[in-house]
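Architecture at a glance
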Amino acid sequence: MDFWSRLIGGSRSLSTKTYRATSPTERLTAFKRTCNTLQQIWRSTNSPSGDQSATTHARSCIDRLNSVLSDESRGPAPHPCLAYAASSQIFVTVTKLALSSYEDGMLRSAAVFFNTLIDSEVDGVVDNRLFARALVDLVRRADKRSEDVEGRLVELLFGVANNIRLQPDILPAWFAPRSEDQDREQQNNSGAEFAGAMRKDDFPLFYLLVEYVHHGGRAGDFARTGLLYLIETASRSKNLERWLIESDLATLMATGLGALYSQLGSLSFDETSDEDMPHIVALSDHAKQDTALPPSLGATMDSFMSYLLFWQDTIDHCKSAEVNGTLLDHFQVLFLEQLLYPSLLESSDVEGGSTAAVLTYLYRILESIDQDDLVHRILHFLLASPSDMETSPTLKVSMSVSRRKSLDVLAAFAEEAAKPSPSLFNLRDLALLGLQSTNRQTVLATLRLMAVILQRHHTFARSLIRTIPGPHAKQRTVGAMNAELGQLMGMATSIVDDPTLDESFENYLKDASWILESHLYTPPVENNLEDDRPLEIRQEDPIVQELLSCLETFFTNSVIVNLALTEVLMSITSSHLISLDGWLLMDPSKYIYGDQNKPLDKSIDAMQQIHQAYEEPSWSSADTPTLTSILQKLVQQIQQWRKDIPDFDILVAARRDLLHQDDSAKDANRPQQSSDAPPYPPSERRPLKSQIDPDFGSPRGRQDPPGTPSPRQTISSPLRDSSIRSPDSRDSSTPRITAAEELRKRLAKPFQVDHPHKATVTVEESEPMADGAVEDETESAVLDEDPRSATLGHVLTNVVILYEFLLEVSAMVQARSTLFGEAGYPGVGWDGLLGE
């Protein structure tokens, strides 16, 4: 074959020079001669596959044609050889020779020949039914053992689909639907009533693309993009639109997605080395447990997510509302109702882990997609919200006959399946069971799912977190807001004395403002919101109670669980649909202003009103909001530890520095993974949550435009400030090494959270022990001690997380007061301020 390749290559280069040097007439004469040679080879050889010389000769002729057509297509008109290739229908002979040779080289040459004709835009090629049949036969019947050959052939289908998208008038050459009388006759003969019938003879190009949609590599990419182009064309062709609705397109796509989902199994966890594990996890008590390890979802999950994203692209590219509606109908009935929702019902093993797997898969789905219609269908159904069809009965009247027929058949299919309804048990009920589980992996999966819904799809916040209907949140004065912020910031500063607090808080404020603005400028996916003004949280809501209960055990919780929990609480705090009154901030009606104990007096002049608006109120401790009350108890617990442990502040500062110094060094040495995620300089500190990959802990929640750095990457964090620096290891002496070893042993000792003085172990009291003994004792402290026990090092890590959370909450409250107008000057308008 090397000899023939050199011979063909050499003859091609020689012929190219010859044709370039001759006139168009001479070039056409030689081109016709080569075409005649190909036809003679086909007529004189019954089975070219058995004659190697005939196959080689035929391939040489096709390569010669390719060379001439390529040269001519790059030159100015006229293009007589391209026109002759179309009129002589030589492509039929090329297809026959390529299919009978069973040789990859011949198929490659034939693919190049067809591709050149497709790109030439010559009349009589892409709009020719005979050309369409020849190309379809080539792709359908070719032996595609080689991945390269498969990619080249599917690329031909993509090229045709692209031409159809650009020139819809050539569609009849490839698409020949049966008439309504023929449809009716076939239905009467076969008895088939289902609208999604298979019609391969109507549009073979379409079905060939569908066949390769699931493939990877170039073939899959070309097939998916080509199919998107055909679906996009439906908005400009009524016949194609009707055919897509009545064909089995939606059925194939929905069942294909369901088949991939059905192959997903339970979660598995691979071994994670200490080098790959985030430092904040490695320093915790649960570093070797499943809660600290990212689940291994495998190639099956990758295939499912790729197909789901293809669904998203299809809905985005399709401009036909009827086709989109049909696709979404099948998505809901065949995937959501028949597979996804039953899997949620069947995952009742909240203690054993099957619920964790299902919630993790749903989390990945909602984290990956951002197509409004898909999100609308998924969350409306799983959260038992009324559908558009139920809220708008007149919508069905405006549908086409084909769409109504398809919907009626789906409705009958759903009724026949008799699946349970989310009105009895929905996603919110499952989330409550997950939060109540004693299985840490289930709790973590539930928190991650809640966070992604509240962050990325935050208009469903009220479906997940119950609110009180009725009066909306009242505006508080500037003085009241300052008092609230003072209380929150006071709790934070009582934990850590940070000299760069002002700069750090400003960075958190920028981050919070970005989150709120992204929420306000995101189109709602819930169209039936009666009012988008914030409503107060229903305090007795079981989900709220479970979140607060989890917060109460903050210091002994897993580090990963705490990061996910604070992410959920921050997501609720950032929602413009949920008020903070009574939950995080005081109800404005319960403020006490000096001796007056009454709201602002609007009868006084504007300047007096402003002065009164800045007055900071007080309030009764009995009225403290629920979340704030728990935070105060946690801070009070830290204050007690500060009294019982003389060097507690030093330990907290050292742990805070250690959590970030190590990761900064790793980022400095680690190769950059992507252009939009640069490593942090060693001199800066990353926020604790940004150190955790989404598979380790909570989702990040914000989707940035491609190439746009996340605010958590561009904005500094208080945890990056180098207020505390550890001495260089080069200055370490033997006594310092001994002290460090003793400190490590001390941090690994059990620490009774409820009674810290009983578990305080000084350096002098600790006995020398081997490293393995320390690890064994640490493990026993986690597994055998009282649930409220943890090591001192674990508690210190959670103290640092609590400090960061308080700063984030404070910044979010201040940003809300500005963007949402939650603090101001009641009774004083601009006219009053300006004195009219």
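Only a predicted model underlies this, so the values are computations on that prediction, with no experimental measurement involved.

A short note on the overall build of the chain
Counting its regular elements, the chain contains 36 helices and 6 strands. Across the 836 residues in the chain, those meeting the buried criterion constitute 53%. Contacts spanning at least 24 positions in sequence make up 82% of the contacts within the chain whose residues lie at least 6 apart. For the chain, the accessible surface area stands at approximately 37,000 Å², while carbon and sulfur atoms represent 50% of it.

Describing a negative patch on the surface
Side chains of Asp313, Asp316, Asp370, Asp372 and Asp373 sit close together on the surface and give a patch of like negative charge. Secondary-structure elements contributing two or more residues to the negative patch are helix H15 (298-317) and helix H18 (372-382). Tracing the sequence through the fold places Asp372 in helix H18.

As for the environment of Ile560
Along the chain, the position of Ile560 falls in helix H27 (residues 559-574). Taking the C-alpha atoms as reference, Ile560 lies 8.9 Å from Ile280; in sequence the two are 280 residues apart.

So, the packing of helix H10 (residues 204-211) against helix H11 (residues 217-233)
It is at 8 Å that the axes of H10 and H11 come closest, and there the two elements cross at 140°. Relative to H11, the element H10 lies oblique. Seen from above, H10 lies across H11 with left-handed handedness. Residues Leu205, Phe206, Leu209 and Val210 of H10 form the contact with H11, whose own contacting residues are Phe222, Ala223, Gly226, Leu227 and Leu230. Grouping the constituent residues of the contact of H10 with H11 by class yields 8 nonpolar, 1 polar and no charged.

Describing the packing of aromatic side chains
Tallied over the full model, the rule gives 27 aromatic pairs. When the centroid spacing of 6.0 Å and the interplanar angle of 20° are considered together, the rings of Phe203 and Phe206 count as stacked. The same class applies to Phe203 and to Phe206, which are both buried. Judged by centre distance (5.7 Å) and plane angle (90°), the rings of Tyr261 and Phe335 are edge-to-face. Residue Tyr261 is found in helix H13 (residues 249-262), and its partner Phe335 is found in helix H16 (residues 321-346); the two are separated by 74 residues along the sequence.

Describing the nonpolar core
The biggest cluster of nonpolar side chains holds 216 residues, and the ones touching the most others in it are Trp174 and Phe304. The element that contributes the greatest number of residues to this core is helix H35 (residues 792-819), accounting for 16 residues. Two domains each donate at least three residues to this core, and these are domain 1 (22-122) and domain 2 (474-522 + 538-593 + 607-662 + 790-824). Each residue touching Trp174, except ones within four places of it in the same chain, is listed here: Val126, Phe131, Ala132, Leu135, Val136, Val160, Ile164, Asp202, Phe203, Pro204 and Leu205. In this structure, Ala480, Ala483, Met586 and Trp619 belong to the second largest nonpolar core, which totals 6 residues.

Regarding the pattern of salt bridges
Tallied over the full model, the rule gives 19 salt bridges. Between Arg377 and Asp329 there is a salt bridge, with the nearest N and O atoms lying 3.2 Å from each other. Taken together, the residues Arg377 in helix H18 and Asp329 in helix H16 connect sequence positions 48 residues apart. Residues Arg377 and Asp329 agree in their burial class; the two are buried. In this structure, Glu367 engages Arg364 in a salt bridge whose closest nitrogen and oxygen atoms are separated by 4.0 Å. You can see Glu367 and its partner Arg364 sitting in helix H17 (residues 354-368), 3 residues apart, about one turn around the helix. Taken together, the salt bridges that share partners define one network made up of Arg108, Asp148 and Arg152.

Some details on H16
At Leu336, H16 shows its largest kink, close to 50°. Across the 26 residues that make up H16, a large majority, 22, are buried.

So, unusual backbone geometry
Phi angles above zero are rare outside glycine, and Gln89 is one such case at about 55°. In this fold, Gln89 is placed in the loop between helix H4 (80-87) and helix H5 (90-101). The backbone phi angle of Glu121 is positive, close to 60°, even though this residue is not glycine.

Notes on the confidence of the model for the chain
For the chain, per-residue confidence averages 77 on the pLDDT scale, and residues scoring 70 or more make up 70% of the total. When the elements of the chain are averaged for pLDDT, helix H31 (residues 711-714) gives the smallest value, 33, and helix H26 (residues 542-552) the largest, 96. Contacts of residues 696-732 to residues separated by more than four positions or lying in other chains number 104 contacts, the stretch itself having pLDDT below 50.

Some details on the packing of helix H3 (residues 52-74) against H4
Two elements in contact, H3 and H4, have axes whose closest approach is 8 Å; the angle formed by their N-to-C orientations is 125°. It follows that H3 is oblique to H4 by the angle criterion. Mapping the contact onto sequence places Val68, Leu69, Glu72 and Ser73 in H3 and Pro80, Cys81 and Leu82 in H4. Per-class residue counts for the contact of H3 with H4 are 5 nonpolar, 1 polar and 1 charged.

Considerations on the side chain of Thr477
Note on placement: Thr477 falls in strand E3 (residues 476-477). At a separation of 3.1 Å, a polar atom in the side chain of Thr477 contacts the main-chain amide nitrogen of Ala480.

Quick notes on helix H24 (residues 478-493)
For H24, built from 16 residues, the straight-helix expectation of 22 Å at 1.5 Å per residue is met to within 8% by its first-to-last C-alpha distance of 22 Å. Within H24, burial applies to Val478, Gly479, Ala480, Met481, Ala483, Glu484, Leu485, Leu488, Met489, Met491 and Ala492.

Observations concerning the environment of Pro295
Counting through the fold element by element, Pro295 comes out in strand E2 (residues 295-296). With a relative accessible area of 7%, Pro295 lands in the buried category. Sequence-wise, Pro295 and Thr360 are 65 residues apart; in three dimensions their C-alpha atoms are separated by 8.9 Å.

Some details on the environment of Cys318
For Cys318, the location among the structural elements is in the loop between H15 and H16. On the basis of relative accessible area, Cys318 is assigned to the buried category, the value being 4%. Note: C-alpha distance between Cys318 and Ala234 (84 residues apart in sequence) is 7.4 Å. Those residues in contact with Cys318 that sit more than four places away from it in its chain are Ile231, Glu232, Val323 and Asn324.

Looking at the state of the cysteines
Disulfide: a covalent bond formed between the sulfur atoms of two cysteine residues. The final tally for this structure, using the stated rule, is 0 disulfides. The thiol of Cys81 is unpaired, and the distance to the nearest cysteine sulfur, on Cys35, comes to 8.3 Å.

Calculation notes
Residues numbered from 1 in each chain as written. Predicted model: local features only at pLDDT ≥ 70, side-chain atom pairs only at ≥ 80, totals over all residues. Heavy atoms only, no water. Helix = DSSP H or I, 4+ residues; strand = E, 2+ residues; numbered from the N terminus. Buried < 20%, exposed > 50% of the residue type's maximum accessible area, 1.4 Å probe, protein only. Contact = heavy atoms within 4.5 Å. Areas by Shrake-Rupley, 256 points an atom, 1.4 Å probe, with all protein chains shown as cover. Patch = residues over 30% accessible without salt bridge, like charges linked within 9 Å, V, L, I, M, F, W, Y side chains within 5 Å. Salt bridge = Lys/Arg side-chain N within 4 Å of Asp/Glu carboxyl O. Lys, Arg positive; Asp, Glu negative; His and termini not counted. Charge placed at Lys NZ, Arg CZ, Asp CG, Glu CD. Axes fitted to C-alpha atoms, helices over the stretch in contact; angles between N-to-C directions. Parallel < 35°, antiparallel > 145°, perpendicular 65-115°, else oblique. Left-handed = near helix turned anticlockwise from the far one by under 90°. Nonpolar A, V, L, I, M, F, W, Y, C, P; charged D, E, K, R; others polar. Phe/Tyr/Trp six-rings, centres within 6.5 Å; stacked < 30°, edge-to-face > 60°. Core = buried A, V, L, I, M, F, W, Y, C linked by side-chain atoms within 4.5 Å. Domains from an automatic or database assignment. Bend = angle between axes of the 7 residues up to and from the residue. pLDDT = per-residue confidence, 0-100. Polar contact = N/O pair within 3.5 Å; in protein donor to acceptor, adjacent residues only side chain to side chain. Expected span 1.5 Å × (residues − 1). Disulfide = S-S within 2.5 Å.

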